[in-house]
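# Summary of the model geometry
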Amino acid sequence: MRRPRATTAKAVIYNENENTDSEQSSAQMASSDEEMDEWKPSESTKATGKAARAPTDGGMKAVPKRTAKPKQPKVPKQPKVPKPRAPRKRAAEQKDAAMSVSVGKKRKKSNGDDLGENERKTQTGCTEEQKTEKRGNSVGMKEERISFIVSDAHQTDGWTDEGTSQFGLQVKKEEAPEEDFTFDEPSLKKQKTSETSQRQQPTFPESGEHSLRNELNMNWDLTEVLSTLTCVERWVCGNIIKLLREENTVPFMVRYRKEMINHMDADAVRDVQMVYEELCSLAKKTQSVIQTLKKDGVLTPELEENLRSCRSADDLDHVYTPYKKGSKLTKARRAKALGLEDAAIALLNAPHTLVLSAWVKPGTEGLSCVEEVATGMEHILADMIAKDPETLTYIKTLCEKSFVTIQSSVSKTALKEKEQEKVAQEHKNPEAEHHNKKDFDKFQLYFDFTCNVQRIQPHQTLAINRGESLKILTVKVNIPDRVKSDFTQWCINNRWRPKTFAREELHANLRNAVEDSYKRLILPFLTRSYRTKLTSAAEKESIAMFVRNLRQRLLVCPVRGSVIMGVDPGFRHGCKLAILSPTSQILHTDIVFLHNSGQQKEAVKLRHLMVTYSCTKVVIGNGTACRETESFFADLISRRYFHPLDVSYCITNEAGASIYSVSPEAVKEMPDLDPNLRSAVSIGRRVQDPLAELVKIDPKHIGIGTYQHDVSAGALKAALDGVVEECVSFVGVDINICSETLMRHVAGLNAGRARSIAEWREKNGPFINREQLKLVKGMGPKSYQQCAGFIRINPQTLNSAKPSPPCAPENPAPKKSKGKAACSVPTSLNPLDQTCIHPESYHVAQRFLSLVGGIVEQIGSAGLKHCVESKVNTSCVEELAKKVDTTPETLKLIIDGLTQPPGFDIRQNFGPADFKRGIVSMSDLRVGAVLTGRVDNTALFGAFVDIGVGRAGLIHKSRITLDKLPTSQRRRSLALGPGERVEVRVLNIDAQRGRIGLDLIRVLQ
């Protein structure tokens, strides 16, 4: 087989804020939708490898097609073999071989040209190792393209370099002849090997790890470093890397590849993914730096070795900073330019032969006297000391054993501005200075603040950083003087001790060099390192808080089967009303003025609307005039004004409603409504179906978490988008009734594919089964594999929808003759499509049903549930899994899918919104009173609880202890999130400042 075209290899940077397949130009979409939109699953890659060995295998049909295409571009490639570039071409092909793993090696064996021979000569592995790797094929690389996912949020503009690179993080695209949607036995057999993973045997073969190391081109092993940084077993890290390289989504891994990731939850997998992306980004930056230094002619073997040994961005910055083009020439480089490097080396290796006066050159700046020569030599030694890995390790160890503190104080600039404000306050409007005064007062806690770096809290770190950015605070890291003295003594007597006798003046020069290195180079490096680590840890904790809050906000149980009135309260412009049907359809919109003189007239209008539409639930936004609107409704309810209706109301968070009301999605969905009325619709729908409504809003605007402007915007967006995808996928979507906005958040889908599904549904009618998704434009095998398990075909909604035309499945086929003609799709209803069982496990589910004596038509029935439970009780899940030839994890998922009732929703385990009929004010509270409330928001310092008095009370983190939490919630950080019901005791009330202190008694189940 010919090797692939080198001209198709392009360096592609995957942006975390974009979908890699759909956000292309329209011209690219037209071609990519047919041939390259998705990859083959690892099972088909495995089958291709077998086909190369066995000519009788059915998979050989695809081979001639791949060999025919690369023949044409080989002609212009022949003149591109000049001698200086030949090694680079071999290195690039060796990189491609590592990326393709077994498939690439098969291709090279069948390639008979000279380049293929050179390629085989450069391979370090023997043929036996290659055969073993081909048989295992556990790396499972994609046949259509392979890429590292490198987040742009972790890439700094200063590091990028557009020059040629031998670095392996490039995308190699190869065209496949046709799309293979099959998910059969090879996949399950590969999963079964993960049972050995439970005994900590990695799925990655040794050659796979070597290929990863070669691609990164670093002096450390990616899997080992990832395992060390994340505290996750090495074999699990290897599996996660493999799954990520195959571009599996986190929800897919967590639900359908549990055995490969050792049953980790989505947050843990996402943490590993984030560190993996950081390491890949670091490797890419390192390669860019090396290329830049090579162009500048300053790269030495020692410098390259130091760069490739860096394990963090701080280490890389420390090594690279002196060589940046923008930086001025360092003292050490100026001294080296004068030729004093030999003198510095002589002081260490042979000081008895060093005579400084011999280096004096009168009239030459820097060498005109012995003192200048000694100073230059000290600068070179200081630079050597500061860049020595062993020395840096020792100084870090000293600091870990010492009491290192971070200190903040009010800055001179802030004090000066404060004095100027006081002087000018008599001549200016006091309100003009109120904003600056308020910002200044916010940081009073940190005007004289000192804390050990090992004990400082994440919210304190972020507050200090914000104060420093506003020039209100000055921050410094204090390292004890004992560290300096111990370090100096160790350097002089151990690490940098001269090998032979040195005169007293040379000893003095060495001591000066060590002290200069510590003060001028090492101390700033340590300070930067501490600040970076503290900020990084605080950002991760803050993002984790956002993620948990958002997840619990999205998974609030919907309120179904009721007509709801959404109210966007207001004073001057009135309260906007929207009455919604049980299916969230808009029945009526209006505006009432409840806080003016004509309240009685508006009350009559309200009663008329409530009775007309049989509306019994009112949802009030918590914005301006919320408390007054709540009081108005509570008064009417107490007087039984809406009799015979039993009306109740609740308060919901309206954060982001006004932003959504003017968004393109809202305009498209409600083109004829005023933006203010759209807000009322959004407020009502947030209670009817929180997940479907909140996904329309940027997660940053939902009003969760704290310090969102002080953390990395890219990392926050990636994490929040990930948790939205996780929630939508785990809940599942009914493909025939869900909105396009909700659909784009399903794992494996994006905006382009969601739009294609909606267009197909509009043209051909509802989907009859999951198989019909293969007919959708842009839906390749990989996308189908990732999304199929999270998409539901509900028979109830299917029967109520318009039936699909009989010829619908054949309509798209002629247009998609290259990739879609091979898909034979049934048109019958499959009851398994309404469950969480993945299509790749349907044959296992059928075998299990035969084993228990059931049929698919009984899914969700009490009879089938009884049969399954009795069979499981008779013989354990592990034995049953062996009988049906699958893993215990897959069988447990199949059992859940078969026994859950139709329309099962995981959100049933979460509490719905609290509706009430009366109002309590803050003046009614008493210290010691025991109340029940619902967590409204959590921060890094505590949890805010809505106890129904218009002000949220704070449970400080010190009062959220493990003994007060259920066992299932004893996890990291605060272990509380929005929507959880708690029992609290009032500790203190500050009516003037509007603050309520609470103590947690217990979490209500």
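Before any of the text, the structure's been laid out above.
Attention here is on the structure that accompanies the text. Residue positions within a chain follow its written sequence, with the count starting from 1. The model is predicted, so local features are restricted to residues of pLDDT at least 70 and side-chain atom pairs to those at 80 or more, both for listing and for counting; the totals for chains, interfaces and linings are taken over all residues. To obtain the side-chain values, all non-hydrogen atoms of the structure were used and water was disregarded.

With that settled, the discussion passes to the sheet that holds strand 13 (residues 930-939). Backbone hydrogen bonds hold the strands of a sheet together, and the pairing may be parallel or antiparallel. If DSSP finds at least two bridges between two strands, the strands pair. In DSSP terms, a helix is any run of H or I states spanning at least four residues, a strand is any run of E spanning at least two, and both are numbered starting from the N terminus. Reading around the barrel, the five strands line up as 13-14-15-17-16 and close back on themselves, with mixed pairing between neighbours. Within this sheet the neighbouring strands show an average axis-to-axis angle of 50 degrees, counted without direction. Taken together, the two bridges between strand 15 (residues 952-956) and strand 17 (residues 995-1003) define a ladder with parallel strand orientation. Along strand 17, the bridge assignment pairs I955 with L998. Angles here are taken between N-to-C directions and fall from 0 to 180 degrees, while the axes themselves are lines fitted to C-alpha atoms, restricted in helices to the stretch in contact.

On to the pairing of strand 13, then. Of the strand pairs in this sheet, strand 13 and strand 16 (residues 981-990) are connected by five bridges, and their pairing is antiparallel. Within the sheet, the bridge partner assigned to R934 lies in strand 16 and is R981. Alignment of strand 13 against strand 14 (residues 942-946), held across five bridges, turns out to be antiparallel. Within strand 14, the residue paired with A939 across the bridge is G942.

On to the packing of aromatic side chains, then. Stacked, tilted and edge-to-face are the three classes assigned to paired rings of Phe, Tyr and Trp, where Trp is represented by its six-membered ring and a pair needs centres within 6.5 Å; plane angles under 30 degrees give stacked, over 60 edge-to-face, the rest tilted. A complete count under the given rule lists ten aromatic pairs for this structure. Between Y256 and F790 the ring centres are 5.7 Å apart and the planes differ by 50 degrees, which places this aromatic pair in the tilted class. Here Y256 is found in helix 13 (residues 250-256), whereas its partner F790 is found in the loop between helix 35 (781-787) and strand 12 (791-792), with 534 residues between them in sequence. Neither residue differs from the other here; Y256 and F790 are each classed as buried. Using a 1.4 Å probe on the protein chains alone, a residue whose accessible area is under 20% of its type maximum counts as buried, one over 50% counts as exposed, and one in between counts as partly exposed.

Taken together, the buried positions of helix 11 (residues 222-230) are L222, T223, V225, L226, S227 and T230. Here a polar contact means two N or O atoms within 3.5 Å. Within protein one must be a hydrogen donor candidate and the other an acceptor candidate, and residues neighboring in sequence count only if both atoms are side-chain atoms. The backbone nitrogen of T223 lies 3.3 Å from a side-chain oxygen of the residue at the head of helix 11, namely D221. One or two positions beyond helix 11, positive phi appears at C231, with a value near 60 degrees.

Let us look at the packing of helix 12 (residues 234-245) against helix 14 (residues 266-296). Packing of helix 12 against helix 14 leaves a shortest axis separation of 11 Å and a crossing angle of 75 degrees. Compared by their axis directions, helix 12 and helix 14 come out roughly perpendicular. The residues of helix 14 that touch helix 12, namely those facing I240, I241, L244 and R245, are V272, Q273 and Y276. Roughly parallel covers angles under 35 degrees, roughly antiparallel covers those over 145, roughly perpendicular covers 65 to 115, and oblique covers all other angles. Any pair of residues with heavy atoms lying within 4.5 Å of one another is described as a contacting pair.

Looking now at the sheet that holds strand 8 (residues 586-592). The mixed open sheet is built from five strands, whose spatial order is 8-7-6-9-10. Here the strands that pair on one side only, and so sit at the sheet edges, are strand 8 and strand 10 (648-652). Across the sheet, the axes of successive neighbouring strands diverge by a mean angle of 20 degrees, strand direction being ignored. Pairing of strand 6 (residues 564-568) with strand 9 (residues 617-621) involves four bridges; the strand directions are parallel. Considered in strand 9, the bridge of M565 is made with V618. Across the sheet, helix 26 (residues 599-612) touches strand 6, strand 7 (575-580), strand 8 and strand 9, and the angle it forms with strand 8 is around 175 degrees.

To continue, consider the environment of A754. Residue position: A754 is located in helix 34 (residues 751-764). Along the chain, A754 and L742 lie twelve residues apart, while their C-alpha atoms are 8.7 Å from each other. Setting aside residues no more than four positions away along its own chain, A754 makes contact with E740, M743 and R744.

The working definition used for a salt bridge is a side-chain nitrogen of Lys or Arg within 4 Å of a carboxyl oxygen of Asp or Glu. Per the counting criterion, the structure on display carries 32 salt bridges. Where R503 meets E505, a salt bridge forms, and the shortest distance between an N and an O atom there is 2.7 Å. In this structure, R639 and D635 form a salt bridge, with 3.3 Å as the shortest nitrogen-oxygen distance.

Following both chains from N to C, one finds helix 38 (residues 842-852) and helix 39 (residues 862-874) inclined at 85 degrees, their axes separated by 10 Å at the closest point. Overall, the two elements helix 38 and helix 39 adopt an arrangement that is roughly perpendicular. Seen from helix 38, the contacting residues are F848, L849, L851 and V852; seen from helix 39, they are L864, C867, V868 and K871. Put simply, Ala, Val, Leu, Ile, Met, Phe, Trp, Tyr, Cys and Pro go in the nonpolar bin, Asp, Glu, Lys and Arg in the charged bin, and everything else, Gly too, in the polar bin. Across the contact of helix 38 with helix 39, the residue classes break down as seven nonpolar, no polar and one charged.

In short, the description is geometric, and any link to function would need to be established separately.
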